[in-house]
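The lines below spell out each chain.
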Amino acid sequence: MQMFALQSVLPVPCCILQCSCPVLHPSSLRYLGCCVGNHQTVLQQDTSHQYYRAVEGEIFMMPCIKTVSWRTEVSWSKIEDGRGGNEVPPVVCGSEFITEAKHSGKYTHSGSESFLHLQVVERISLGCFEPEESRMMLTVSEGGVISCPGLNCSDNTGVIWYKGNEAVSEQHRTSCQRNGRLHLCEVYKQDTGVYFCDRKMNDGEVNWTFRRAVNVTVVPSPECDPPSIHSHNKTEAVELGQSHTLVCEVQFPFEIVFSGKVQWYRNYGGNMENMTRLHMEEQQQERVTFTAYEVIGRAIIEEVTLQHLNHTYTCIASNTFGNSSITIKLEEKIKEKWPSLVGYPIASLLLVVGLGIVLHVKWLEIQLIYRSYFLHGKDVGGEKEFDVFLSCVWSPSSAQVEGVLTFSSQKGPDTDDEACLSCVDLLDTEEGKVAQGPLEVLLPKVLEGRWGYRLCLPERDILPGGAYTNDVVLAIQRSQILICVLSADYLSNSNAVFELESAVQALLQSSTLKLLLIWTCRASASLIRPDPPLPTLVQRALKVLPSLDWTSGKPSRATSDFWRSLRRSMPNQNVRQVSLMQDK
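Residues numbered from 1 in each chain as written. Predicted model: local features only at pLDDT ≥ 70, side-chain atom pairs only at ≥ 80, totals over all residues. Heavy atoms only, no water.

A. Just the overall build of the chain, in detail. The secondary structure content of the chain amounts to 15 helices and 29 strands. Counting only residues that meet the buried cut, the chain has 40% of its 584 residues in that class. Sequence separation of at least 24 residues holds for 72% of the intrachain contacts in the chain that already meet a minimum separation of 6. Counting only carbon and sulfur atoms, one obtains 52% of the accessible surface of the chain, whose full area is about 32,700 Å². (Helix = DSSP H or I, 4+ residues; strand = E, 2+ residues; numbered from the N terminus. Buried < 20%, exposed > 50% of the residue type's maximum accessible area, 1.4 Å probe, protein only. Contact = heavy atoms within 4.5 Å. Areas by Shrake-Rupley, 256 points an atom, 1.4 Å probe, with all protein chains shown as cover.)

B. Expanded view of the pairing of strand S21 (residues 284-289). By the bridge criterion, 5 bridges tie S21 to strand S22 (residues 292-301) in an arrangement that is antiparallel. From the neighbouring strand, Gln284 faces S22, where its bridge partner is Ile296. Connecting S21 to the antiparallel partner S22 that follows it, the hairpin turn spans 2 residues. (Pairing = 2+ DSSP bridges.)

C. Quick look at the pattern of salt bridges. Per the stated rule, a full pass over the model turns up 11 salt bridges. With a closest N to O distance of 3.8 Å, Glu239 and Lys333 form a salt bridge. Of this pair, Glu239 sits in the loop between strand S17 (234-238) and strand S18 (244-253) while Lys333 sits in the loop between strand S24 (322-332) and helix H2 (338-361), placing them 94 residues apart in sequence. For Glu239, a relative accessible area of 34% translates into the label partly exposed. (Salt bridge = Lys/Arg side-chain N within 4 Å of Asp/Glu carboxyl O.)

D. Examining the sheet that holds strand S20 (residues 275-277) more closely. Spatial strand order, S17-S24-S23-S19-S20: 5 strands in an open sheet with mixed pairing. In this open sheet, the two strands that pair with only one neighbour each are S17 and S20. Ignoring strand direction, the axes of neighbouring strands in this sheet form an average angle of 30°. Summarising the sheet, S17 and S24 pair through 5 bridges and their orientation is parallel. Bridging across to S24, Lys234 finds its partner in Ile328. (Axes fitted to C-alpha atoms, helices over the stretch in contact; angles between N-to-C directions.)

E. Structural context of helix H3 (residues 363-374). Taking 1.5 Å per residue as the helical rise, H3 with its 12 residues ought to reach 16 Å, and the 15 Å between its terminal C-alpha atoms agrees with that figure. All of the buried residues along H3 are Leu364, Glu365 and Leu368. The buried residues of H3 all sit within an arc of 95° when viewed along its axis, so they share a single face. (Expected span 1.5 Å × (residues − 1). Arc of directions from axis to C-beta.)

F. Seen up close, the pairing of strand S27 (residues 479-486). Within S27, 8 of the 8 residues are buried, which leaves it mostly tucked inside the rest of the structure. As judged from the 6 bridges shared by S27 and strand S28 (residues 514-519), these two strands associate in the parallel manner. Within S28, the position partnered with Cys484 by the bridge is Leu517.

Take a look at the structure:
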């Protein structure tokens, strides 16, 4: 801790007699002359030209002109004299800085015709310079005297005292000035800071203001108390073979010259008279309150052995007024085995419960994924009336293109590559380009006219006048695969949603039905919020069912990949052909 040279702090007579009290004994007035109606007076001076002297290496504060609005931050700027040298940045009035020779010169500030002349003198030119005069230590709640540096070398006792940019006489506190010294009737913690004393000097031509600085530190009244250790005697658990740190936290009362020490000792076999001093880390010291310090002393045992368990360890904290101590004993830490005996079964139980919850929540999706991707039922194409149940919603533009494409009733190609090439050839024609937009038009003609599948279209193959729901369910059950052409119009159509929901229910009941979703525009369809909302079964099925994306308007390679993927997803036609030959 940085300490200042302590000067004798003499009680001020006027403060002893409580000069702030309104009722005073007449005999005491001769001691209170500086406190009773005789405060220092700040003389009015010409602010157009101000002349200041400062000592090199001391703190200096640029004065402020009171005629300038206090709301405006005024900066003094040095006027260059053309001699070059280090430039001095503008200095805000009321700010403090350490003076150097370069600060000498003439200053002005914008918006005013006021000038300030600053002359920085060397310390050796003073003759009687005493560095300790620039530091002062006062005790709180007592009276204090601050002397202006260099006052003993001058017969000028007309001194004006400042703290900050305001004269002390104008501050709301009990103080007085006598013989060039500032008397504080009672010292407070807030009195810590830099005080400036201004003395008038005349060299025959100019009236100079010689400004000196005193750095005042306020300290608490000394307490004659021993240190206090935060903890008590105790036993600490340690692990053999590991390092261990002994920690001692101590609170010391404030001292002007700090004398506190913290030290760890080892006592062999618990014998307090046979102690060995332990090597310690550098102790940490911190000012925690105005009246107290906290010191932490640490000693490290590099490797704990059985021998360490037979000793005790003592922390002794001492200062000028006494000492305190605590004793620590070490014991081996018992490793708990319950994590392996109890913790693992509990963790396993939690894992099983978590998996059960996940399976319960996602059971429907798991069933759909299993039946769609892993469970391949018996291909009973010969027993089904339809190969494909096509569920779609025709848009207004579909009717315009419906009659454009015409196909021969030739037998579909035998291989996937031939089927794909045939569709690419179709799209290269003018008619194919027109039909490329509405998939609900192109898809029936490719599946039925080009590939030769038996197709069930609800609007064509389900006769009107019957029970629509029953007919749809029956047609789905009599089909090998249901293909849904999903779009925004589809998800908003109640009949189409019913067809998809019926197919999902049929898939959950039978492994012979397959489901395939074809998204015409997945992004726009996902933004649709149909009213009423989609059934929960449909919402969850849309996330996991097999799907393809229609690549309308994209390069032919992408279109070719779509048709190839669709062809591979279709049911096998060989079973139906064998069934037909047996019928013949």
